[in-house]
There are 4 protein chains.
Amino acid sequence: MPTDGEEASFEVGIKLGAMFHQFIGTPVSPESAASLETAIEESIENQPHCESVSVSIDETALESDVGPYGYTGLAGRHMTVEVVVEQEGRRATASMAMEDGYPLMKLDAVN
Amino acid sequence: MPTDGEEASFEVGIKLGAMFHQFIGTPVSPESAASLETAIEESIENQPHCESVSVSIDETALESDVGPYGYTGLAGRHMTVEVVVEQEGRRATASMAMEDGYPLMKLDAVN
Amino acid sequence: MPTDGEEASFEVGIKLGAMFHQFIGTPVSPESAASLETAIEESIENQPHCESVSVSIDETALESDVGPYGYTGLAGRHMTVEVVVEQEGRRATASMAMEDGYPLMKLDAVN
Amino acid sequence: MPTDGEEASFEVGIKLGAMFHQFIGTPVSPESAASLETAIEESIENQPHCESVSVSIDETALESDVGPYGYTGLAGRHMTVEVVVEQEGRRATASMAMEDGYPLMKLDAVN
């Protein structure tokens, strides 16, 4: 049987994978970034055992990708994300940020 | 060559197809429906020639689908949508609503 | 009332918008590109009035984006797509290809 | 620091969350289910440390949802999925299947 820490780690992984693949490609501009951040946070926080989701879309990264129509599709390089899950008394924290040009998801802590 | 009315109709079709397939399956509850409506509207309004997008998530439809964890995945039966596009002086209006259990997209008018 | 040509143009727009926003961000490598092309084609061909969908993922474009783990997320710059719709005796053809760094969707012909 | 078992559990969670939210809503019919199964498997197997993905779309579940146009959007109730991840000598196995009307993701074993 998996341990409680493994269960909490599994749950926080689900949230990051869900977040990324649900919203990647969403049309976004500097003007609409704030409403998208809020929607992503509130959406993923609905999932089981999810305590908090924090999404920050980087306007500078966004602006360097905005094409001829003033927007782009949301990509990993545009955002940093932190998710906290609590389950069976264990708290797992994970994050997504760019590393070597790849949006790396990391398990930061299991307490 | 397509007519201006056909071009505007094409553009409004793109917006409805994009809206549906980007956001379908998003975790949503009665509490998070409002932020998702706003994010969908502002997101799709970024697209070329898009004048307005109006999304209404039906709380009653949502509540009848909410599972053991208090949320569900966004589905066609949960929402009605209207999109207006203006291009080359033509305005095309289209909508999505349930018909015979199918989320039907309709071209309502081209003026 | 919209004309038959406008209706067919609307339908082909839906297919391109759906295709792009359903599959964008899908993990893809040179090895898995062929099965993804087939799945996209067969999936969108299910939609009403859709006669054919042709998706071509460009291996060179893919390889230049492949990160430290040997894959990337499907993006507009990786593919060209053509869709044909027949409705009420009218046939609309549309395509997506890169133009000025933007994955432009075009209505090619309505016959 | 998380344990190796927690890291492997986190990774397998990412894969299940990614799989579900990338492909949910994809137009699918009994005829196109096989190509979609293959594309989902090969796509998610691209992700880091992923050893195998097995997707089975249930034709009976699909047929009971097929609407007036002969297809439906892929939903949790249409499929069962198993994912195996190997990382740092630990192997984590997880699955998704329906439980109480909810597509439950479970961490089955960490060895």
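Fair warning: this is a prediction, and the values are worked out from it, not measured in the lab. (Residues numbered from 1 in each chain as written. Chains lettered and ligands numbered in written order. Predicted model: local features only at pLDDT ≥ 70, side-chain atom pairs only at ≥ 80, totals over all residues. Heavy atoms only, no water.)

**Points about helix α1 (residues 4–23) of chain D**
Turn by turn, an α-helix covers 3.6 residues, leaving residues three or four places apart pointing in a common direction. All names here are of chain D. Inclusion rule: Helix and strand labels come from DSSP, where a helix needs a run of H or I of at least four residues and a strand needs a run of E of at least two; each type is numbered from the N terminus. Multiplying one less than the number of residues by 1.5 Å gives the expected span of a helix. A 1.4 Å probe rolled over the protein chains alone gives each residue an accessible area, and that area as a share of the maximum for its type sets the label: buried under 20%, exposed over 50%, partly exposed in between.
With 20 residues, α1 should reach 28 Å at 1.5 Å per residue; the first-to-last C-alpha distance of 29 Å fits that figure. With 19 of 20 residues buried, α1 lies mostly within the body of the structure. Looking one or two residues beyond α1, the residue adopting positive phi is glycine 25, at roughly 90°.

**Regarding the relation of the copies chain D and chain B**
Think of it as a corkscrew move, a rotation about one axis and a shift along it, taking one chain copy to the other. The test is simple: Superposing the copies works by least squares over the C-alpha atoms of residues that have pLDDT at least 70 in both of them.
Under the fitted operation, chain D is carried onto chain B by 0.0 Å of movement along the axis and a turn of 180°, and the coordinates agree to an RMSD of 0.0 Å. Given the turn and translation reported, the copies of this chain are related as if by a two-fold rotation axis. Considering only C-alpha atoms, the residue of chain D closest to the rotation axis is D:Gly25, which sits at 3.2 Å.

**Remarks on the relation of the copies chain D and chain A**
The cut-off we apply is this: Note on definitions: a residue-residue contact is assigned when non-hydrogen atoms from the two residues lie within 4.5 Å.
Expressed as a screw operation, the relation of chain D to chain A combines 0.0 Å of axial shift with a rotation of 180°, fitting to an RMSD of 0.0 Å. The fraction of interface residues of chain D whose copies in chain A are also interface residues reaches 100%, indicating that both copies meet through the same surface.

**Some thoughts on the confidence of the model for chain A**
Any segment with low pLDDT has predicted coordinates that should not be analysed in fine detail. The condition is simple: In predicted models, pLDDT denotes the confidence assigned by the predictor to each residue on a 0 to 100 scale.
Of the residues in chain A, 100% reach a pLDDT of 70 or more, and the chain-wide mean stands at 97. Taken together, the chains of this predicted complex give a pTM of 0.97 and an interface ipTM of 0.97.

**Remarks on the interface of chain D and chain B**
Here is the rule we go by: We define buried area as the total accessible area lost by two parts upon association, computed with a 1.4 Å probe and summed across both. Residues adjacent in sequence count toward polar contacts only when both atoms are side-chain atoms; beyond that, a polar contact is any pair of N or O atoms within 3.5 Å, and within protein one must be able to donate a hydrogen and the other to accept it. In this classification, the charged set is Asp, Glu, Lys and Arg, the nonpolar set is Ala, Val, Leu, Ile, Met, Phe, Trp, Tyr, Cys and Pro, and all remaining amino acids, among them Gly, are polar.
Across the contact, ten residues belong to chain D and ten residues belong to chain B. Taking both partners together, chain D and chain B bury about 890 Å²; carbon and sulfur atoms supply 66% of that area. The tally of links between chain D and chain B comes to two residue pairs in polar contact (both at pLDDT 80 or more). Counted by class, the side of chain D that touches chain B contains seven nonpolar, two polar and one charged residues.

**A look at the sheet that holds strand β6 (residues 102–110) of chain B**
Keep this limit in mind: One requirement defines pairing of two strands: DSSP has to find at least two bridges between them. Axis angles are defined between N-to-C directions and span 0 to 180 degrees, where every axis is a line fitted to C-alpha atoms and, for a helix, only to the segment in contact.
Strands sit in the order β2-β4-β5-β6 (chain B) across an open sheet of four strands; the sheet is antiparallel. Looking along the sheet, the strands with just one partner apiece sit at the ends: β2 (50–57) and β6 of chain B. When the angles between neighbouring strand axes are averaged without regard to direction, this sheet yields 15°. Relative to strand β5 (residues 90–99) of chain B, strand β4 (residues 79–87) of chain B runs antiparallel, the two being bridged by seven bridges. Within β5(B), the residue paired with B:Gln87 across the bridge is B:Arg90. Against the sheet, helix α1 (residues 4–23) of chain C contacts β5 and β6 of chain B, and its axis sits at roughly 135° relative to β6(B).

**Considering the pattern of salt bridges**
This is how it is decided: One speaks of a salt bridge when a side-chain nitrogen belonging to Lys or Arg is within 4 Å of a carboxyl oxygen belonging to Asp or Glu.
Across all of its chains, the model carries 20 salt bridges over all chains by this definition. The closest approach of N and O atoms between C:Arg91 and C:Glu51, which form a salt bridge, is 2.8 Å. One end of the pair, C:Arg91, is in strand β5 (residues 90–99); the other, C:Glu51, is in strand β2 (residues 50–57), and 40 residues separate them in sequence. Of the residues examined, C:Glu51 reaches a relative accessible area of 38% and is grouped as partly exposed. Close ionic contact of D:Arg91 with D:Glu86 constitutes a salt bridge, the shortest N to O distance being 3.2 Å. The exposure class assigned to D:Glu86 is partly exposed, which follows from its relative accessible area of 36%.

**Quick word on the interface of chain D and chain A**
Taken together, the contact pairs 27 residues of chain D with 27 residues of chain A. For the chain D and chain A pair, buried surface summed over both sides reaches about 1900 Å², with 66% attributable to carbon and sulfur atoms. When the buried area of chain D at its contact with chain A is split by residue, D:Glu6, D:Phe10 and D:His21 rank highest and sum to 34% of it. Going through the elements one at a time, α1, β5 (90–99) and β6 (102–110) of chain D are the ones with two or more residues in the side of chain D that touches chain A. If one sorts the elements of the side of chain D that touches chain A by residue count, α1(D) sits on top with 14 residues. Residues that form the side of chain D that touches chain A fall into these classes: 14 nonpolar, seven polar and six charged.

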